[in-house]
Amino acid sequence: MAGAKRFSRFALAGAGLAAALTATATAIVVASGGDSHAAARLSVADPYIPLPAGADQMAAGYLTVTNAGRGADRLVRVSSPGASSVTMHRSTESSMESVDGLEVPAEGALTLTRGGTHLMIMGWKQPPAVGDQLELDLTFEKAGTIAVQVPVKPLTYRPGS
Ligand SMILES: [Cu+2]
């Protein structure tokens, strides 16, 4: 796996944060790297999953990762205890393609939104229903893993509505 060396450097902090962050809608994590000036400071907001319409229950997941730190980070893996497959996708003009990772710019944000970059969730262990919550474990190259409880919303839901 790429970044294995870096992972061991942050393994201790990452494990502690993963345990501490059984967060609800918003989780905040401060990466404590060797160079504090370059650290990423991540928070996750507005996560949601529109109720999948098809029988295969293929669902999209949307959220915003904000980075208040001066160092960039990268979302490298997403998994869920409630689904067998979560992948990162980028929409193209006619379809979509999976990507290995998504950049979280320094003092910026990674926005997963309708028509753009999104998560694809497949293999639900239980059929999803509106009001359910699915845990998504977001693993970042530097900040470690942030667990987010993501609500299942009606198909037409938009954040803020
Ligand atoms: Cu997709």
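Not measured: the values here are computed from a predicted model.

With that settled, consider the overall build of the chain. Looking only at helices and strands, the chain features one helix and 11 strands. Out of the 161 residues in the chain, the part that is buried amounts to 30%. A separation threshold of at least 6 residues defines the contact pool for the chain, and within that pool the share at least 24 residues apart is 69%.

Grouped together as the largest cluster of nonpolar side chains are 31 residues, with contacts concentrated most on Leu-75, Leu-138 and Val-148. Top element by residues in this core is strand E11 (residues 144–153). It accounts for five residues. Excluding its chain neighbours within four sequence positions, the residues that come into contact with Leu-75 are Val-65, Met-88, Gly-101, Leu-102, Val-104, Leu-110, Leu-138 and Phe-140.

What follows concerns unusual backbone geometry. In this model, Gln-57 sits at a positive phi of 60 degrees, which is unusual for a non-glycine residue. Considering the arrangement of structural elements, one finds Gln-57 in the loop between strand E2 (41–50) and strand E3 (59–67). Despite not being glycine, Glu-107 has its phi angle at roughly 45 degrees, a positive value. Within the element layout of this structure, Glu-107 appears in the loop between strand E7 (102–104) and strand E8 (108–112). On the neighbour-count criterion, Glu-107 (13 C-beta atoms within 10 Å) is partly exposed.

Rules used throughout
- Per chain, residues are indexed from 1 in the order of the written sequence.
- For a predicted model such as this one, the threshold for reporting local features is a pLDDT of at least 70, and the threshold for listing and counting side-chain atom pairs is 80 or more; totals across whole chains, interfaces and linings nevertheless cover every residue.
- Labels follow the DSSP assignment, with helices taken as runs of H or I lasting at least four residues and strands as runs of E lasting at least two, numbered in each case from the N terminus.
- Three classes are used. A residue is buried when 20 or more other C-beta atoms lie within 10 Å of its own, exposed when 12 or fewer do, and partly exposed in between, with C-beta atoms placed from the backbone.
- Contact between two residues is assigned when their C-beta atoms, built from the backbone, lie within 7 Å.
- Nonpolar cores are built from buried Ala, Val, Leu, Ile, Met, Phe, Trp, Tyr and Cys residues. These are joined into a set through C-beta atoms within 7 Å.

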